[in-house]
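Residues per chain, in single letters:
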Amino acid sequence: MNQSRSCGRLRIMLGHLGQRWAGAAVAHPTSGAVSPNSFQTPQFQYTRDNNVLSLEQRQFYEENGYLVIKNLVSDADIKRFRNEFERICKGEVKPEQMTIMRDVTIAKSEYAPSERTVSKVQSFQEDEELFRYCTLPEVLKYVECFTGPNIMAMHTMLINKPPDSGKKTSRHPLHQDLHYFPFRPSNDIVCAWTAMEHVDRNNGCLCVLPGTHKGYLKPHGYPKWEGGVNIMFHGIQDYDENSPRVHLVMEKGDTVFFHPLLIHGSGWNRTQGYRKDVFRFRGRLVKGERTNL
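Residues numbered from 1 in each chain as written. Predicted model: local features only at pLDDT ≥ 70, side-chain atom pairs only at ≥ 80, totals over all residues. Heavy atoms only, no water.

> Is there a simple way to explain the pattern of salt bridges in this structure?
Opposite charge on two side chains makes pairing possible when the charged atoms of those side chains draw close. This model, assessed by the stated rule, comprises 10 salt bridges. Close ionic contact of arginine 58 with aspartate 49 constitutes a salt bridge, the shortest N to O distance being 3.1 Å. Arginine 58 gets classed as buried once you look at its relative accessible area, which sits at 8%. With a closest N to O distance of 2.7 Å, lysine 70 and aspartate 254 form a salt bridge. In this pair, lysine 70 is assigned in the loop between strand 1 (66–69) and helix 3 (75–89) and aspartate 254 in the loop between strand 11 (246–247) and strand 12 (255–258), connecting sequence segments 184 residues apart. With a relative accessible area of 51%, lysine 70 lands in the exposed category. Salt bridges sharing partners connect three or more residues here, namely Asp77, Arg80, Glu129 and Arg132. (Salt bridge = Lys/Arg side-chain N within 4 Å of Asp/Glu carboxyl O. Buried < 20%, exposed > 50% of the residue type's maximum accessible area, 1.4 Å probe, protein only. Helix = DSSP H or I, 4+ residues; strand = E, 2+ residues; numbered from the N terminus.)

Structure follows, in structure tokens:
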């Protein structure tokens, strides 16, 4: 008897629910009939609808987590950025909040106002000349394809990879940029990385593991390298060493955009020169209010 009443009440409830959802469907029509296929994973998870990227470019980024745009930044802009970097190295300008870093193998007694002792400047948002990179329309139009509008520059870096001393300290271990970021969601973040002259495996070009952006943030720590490790050069503790790798050979002005979960790093500089013309800007840009930081 009780079971019969329960079944009756259940039929009434389901009837009410069916009427309510049916009414809602009439009041708020969708673009098409709902079917089980409607709940599949969207075709594009890591890019936004835009009129900049081709379908092939969007699909490539979705699958691989990075995209190289050739000859994006002009020679004139790169020359201006290089000149400003030289002024910073000589101490002619001292932007607030900027961090100047040196390779671990350079003795303090060798510190001098020169490009030869500076391997990186970080957080250059107070330097108007260098921060112009984060406002270049040709860069921002691509950034918006990944983050959407209202772009904020969250981290800025210029790297001057020195010739290796033989201890391979100029290399950067494989890592994920999201390890350094306290903000989310990751799919609203993209890195813009511009080469300032030809880069290849000889002078330590970028190396990426395609498709790893689809994974999760892995534990990071300092690698146990005999020659020493530069400060904050954290690396992934566990990854498949047999994963396919792509070394990004790029020309001056070429820019690669990549997801913050993409596993990447760079090799050591095997050339004899200081590679003073190969500076690498890395601007992390996320969706939010535009700011000068």
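> Explain the sheet that holds strand 11 to me, please; I cannot follow it from the model alone.
By definition, the strands of a sheet pair up through backbone hydrogen bonds, in either a parallel or an antiparallel sense. Across the sheet, which stays open at both edges, the four strands sit in the order 6-13-8-11 with antiparallel pairing between neighbours. This sheet does not close on itself; its edge strands, each paired only once, are strand 6 (172–175) and strand 11. Note: strand 8 (residues 206–208) against strand 11, two bridges, orientation antiparallel. The residue bridging cysteine 207 from the neighbouring strand is histidine 247, located in strand 11. (Pairing = 2+ DSSP bridges.)

> Help me out: how do you make sense of the nonpolar core in this one?
Most often, soluble globular proteins have nonpolar side chains that are buried together. Ranked by size, the top nonpolar core spans 35 residues in total, and within it Val121, Leu130, Tyr133, Val139, Phe146 and Phe257 carry the most contacts. Within the residue set of this core, elements represented by two or more residues are strand 1, helix 3, helix 4 (128–131), helix 5 (137–147), strand 4 (151–155) and strand 7 (189–195). Residue contributions to this core peak at six residues, all from helix 5. (Core = buried A, V, L, I, M, F, W, Y, C linked by side-chain atoms within 4.5 Å.)

> Help me understand helix 2 (residues 55–64), please; the structure alone is not making it clear to me.
Each turn of an α-helix holds 3.6 residues, which means side chains three or four residues apart point in the same direction. Looking at helix 2, one finds that the buried residues are Arg58, Tyr61, Glu62 and Asn64. Structurally, helix 2 contributes buried residues whose contacts are with strand 1, helix 5, strand 7 and strand 12. Positive phi shows up at glycine 65, right after helix 2, with a value of about 90 degrees. (Contact = heavy atoms within 4.5 Å.)

> Looking at this structure, how should I read the packing of aromatic side chains?
Here the distance between the centres and the angle between the planes together describe a pair of aromatic rings. Counting across every chain of the model gives six aromatic pairs. Taking the centre distance of 5.1 Å and the plane angle of 10 degrees together, the rings of phenylalanine 181 and phenylalanine 183 count as stacked. Accessibility classification places phenylalanine 181 together with phenylalanine 183 in one group, the buried group. An aromatic cluster is built from Tyr61, Tyr142, Phe146 and Phe257, whose rings are joined through pairwise contacts. Lying across the ring of phenylalanine 44, arginine 58 places its NZ or CZ 3.7 Å from the centre. (Phe/Tyr/Trp six-rings, centres within 6.5 Å; stacked < 30°, edge-to-face > 60°. Lys NZ or Arg CZ within 6 Å of the ring centre and 35° of its normal.)

> Would you mind going over the environment of aspartate 49 with me for this structure?
Relative to the elements of secondary structure, aspartate 49 occurs in the loop between helix 1 (2–27) and helix 2. As for aspartate 49 and phenylalanine 146, which are separated by 97 residues in sequence, their C-alpha atoms are 8.9 Å apart. Of note is the side chain of aspartate 49, whose polar atom sits 3.1 Å from the side chain of arginine 58. (Polar contact = N/O pair within 3.5 Å; in protein donor to acceptor, adjacent residues only side chain to side chain.)

> I tried to follow the environment of proline 95 on my own but got confused; where do I start?
Residue placement: proline 95 occurs in the loop between helix 3 and strand 2 (99–101). When the C-alpha atoms of proline 95 and glutamine 125 are compared, they prove to be 8.5 Å apart, with 30 residues separating the residues in sequence. Ignoring any residue separated from it by four or fewer positions in sequence, one finds proline 95 in contact with Glu126 and Asp127.

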